[in-house]
Amino acid sequence: MARLHKGLAIISLCALGLTACAKTDEPGVAQSPGQQQGAVRIGISLPLTGDFSEPGKGIQEGYQVWADRVNAKGGLLGRKVELIFRDDASDPNRVSSDYESLITQDKVDLVFGPFSSRLVIPAAKVAESYDMLFVEPAGAAAEVFEQGFTRLFYAAPAIADDHYNYLADYLVKLPADQRPKTAAYASLDDPFAQGTAYGLRDKLAAAGIKTVVDEVYPPETTDFAPIAAKIAAAKPDVVVGGTQFEDAVGLVRALQELKVQPKLAAFSTGPTLPEFPDAVKGAAEHIVSPVGWSAVADFPGNQEMVARYREMFGSEPHEDAANGYTVGQIVEAAVNAVQCVDPSPTCQDKLTDHLRQGTFQTVVGPLSFDEKGRPEQAHMIQQYVGGKVEIVLPEQAGTTDLVYPKQAW
């Protein structure tokens, strides 16, 4: 269940059938002009349980922080924002039915996307079929943009294949006697996770860095010892995990137990969550990860978002929350620009056209999109240094230098 906060956007329990719905159009109840249509209802399905529940809840928090800020300032076009959440349990079939229900039964004005490319594709198909704008926070796999969607936009700096571009450039430009010669890859069977790992793999392989292990494992995997054993036997210079949270933790623990000592270890998503260092029991030092957001960046609205998140949830914000918040920022900018927010094809067309043409200031930096809805920017690279998360690449955004080789586990 969503965590509630004073002043937070309404989390629609009535839509879930958990409480009675109050009517906003009762006779005799005076309404301001901006309130005459009631709240702006935004439909969202997220993996709040199942394989992607950890980042799914983070995305939910980001949506809530955004809505809290918007409502504190009077809402969208004078109408309060109401978030209607569904739990798709990390199931692609369920996410489709969720969006079908949100659009046809709940009659939402807008939809925001779920977490994971695996869920974004079926969700976007439903939104597209109803001519709804579909801005999503975490569908970065290349195949997301090969479906012919015309209303999908990915609200982050780069697609999955390009997440590690700065790291790839760094490694291949090292002097020959320092450059890694071999690399091992282990990836979750998930389009985003594989996209991040294989984007780096292909760039390193093109530079002559040999692939010595290439394993793909199903989402339900809990025993990573066999994969770690293969990596240990190959003794690679670089270990790359295409991961979410639980599998990143499992892989690191298994590699640590076998005393695998690469010069560099890179894992996607998992290390960007604040729970990661404790979960891997001290093995986080010098692990790198692509990251689309930093709490210390001074992009417009970022520090306000960080402060509001801390106030609402009593902890430090993370990238998943920032990505959810960014979706809200982009849609908010479009609504304010075209001055409409309703499910009609006319309004949805105006919102979509505006996103195709503009550059938007967000907490992850300025974002613009190509004709397929792909962002046109790049991810930073973070590393745990001295127990702290530091930005190490690119140099112009760095808070410290990348440590290479890494310390032993």
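Here the structure is a predicted model, which means the values were calculated and not measured. (Residues numbered from 1 in each chain as written. Predicted model: local features only at pLDDT ≥ 70, side-chain atom pairs only at ≥ 80, totals over all residues. Heavy atoms only, no water.)

## Things to note about the state of the cysteines
Argument step 1. Tallied over the full model, the rule gives one disulfide.
Argument step 2. Between Cys 340 and Cys 347 runs a disulfide, and the two sulfur atoms are separated by 2.2 Å. Measuring handedness by torsion sign, the sulfur bridge of Cys 340 and Cys 347 sits at about 100 degrees and is right-handed. Across this residue pair, the class does not change: Cys 340 and Cys 347 are buried. (Disulfide = S-S within 2.5 Å. Buried < 20%, exposed > 50% of the residue type's maximum accessible area, 1.4 Å probe, protein only.)

## Topic: empty space enclosed by the protein
Argument step 1. Applying the stated criterion across every chain, the model contains two cavities of 30 Å³ or more.
Argument step 2. Per-element tally for the lining of the largest cavity: the top contributor is helix α10 (residues 319–338), with three residues.
Argument step 3. Along the lines of polarity and charge, the residues of the lining of the largest cavity split into six nonpolar, six polar and two charged.
Argument step 4. Of the pockets and cavities examined, the second largest cavity occupies roughly 40 Å³.
Argument step 5. Lining the second largest cavity are Phe 149, Thr 150, Arg 151, Leu 152, Phe 153, Arg 356, Asp 370, Glu 371, Lys 372 and Gly 373. (1 Å grid on protein atoms, 1.4 Å probe; cavity = no way out; pocket = protein on both sides within 12 Å on 5 of 7 lines; lining within 4 Å. Points joined across faces, edges and corners; volume = space filled by probe spheres on them. Helix = DSSP H or I, 4+ residues; strand = E, 2+ residues; numbered from the N terminus. Nonpolar A, V, L, I, M, F, W, Y, C, P; charged D, E, K, R; others polar.)

## Some words on unusual backbone geometry
Argument step 1. Of the consecutive residues Leu 393 and Pro 394, the connecting peptide bond is found in the cis state with omega at -5 degrees.
Argument step 2. Here Tyr 404 and Pro 405 are connected by a cis peptide whose omega angle stands at 0 degrees.
Argument step 3. Here Pro 405 lies in the segment after β15 (388–393).
Argument step 4. A positive phi angle is found at Asp 131, which is not glycine, with a value near 60 degrees.
Argument step 5. Locating Asp 131 in the fold gives a position in the loop between α3 (117–129) and β5 (134–136).
Argument step 6. Even without glycine at this site, Lys 281 takes up a positive phi of about 55 degrees.
Argument step 7. Within the secondary structure, Lys 281 is located in the loop between α8 (276–279) and β11 (288–291).

## Regarding the layout of surface pockets
Argument step 1. Its volume calculated, the largest pocket comes out at about 470 Å³.
Argument step 2. Contributing elements (two or more residues each) for the lining of the largest pocket: α9 (302–313), β14 (380–385) and β15.
Argument step 3. In terms of residue count, β15 provides more of the lining of the largest pocket than any other element does, four residues in total.
Argument step 4. Across the lining of the largest pocket, the residue classes tally to 13 nonpolar, seven polar and five charged.

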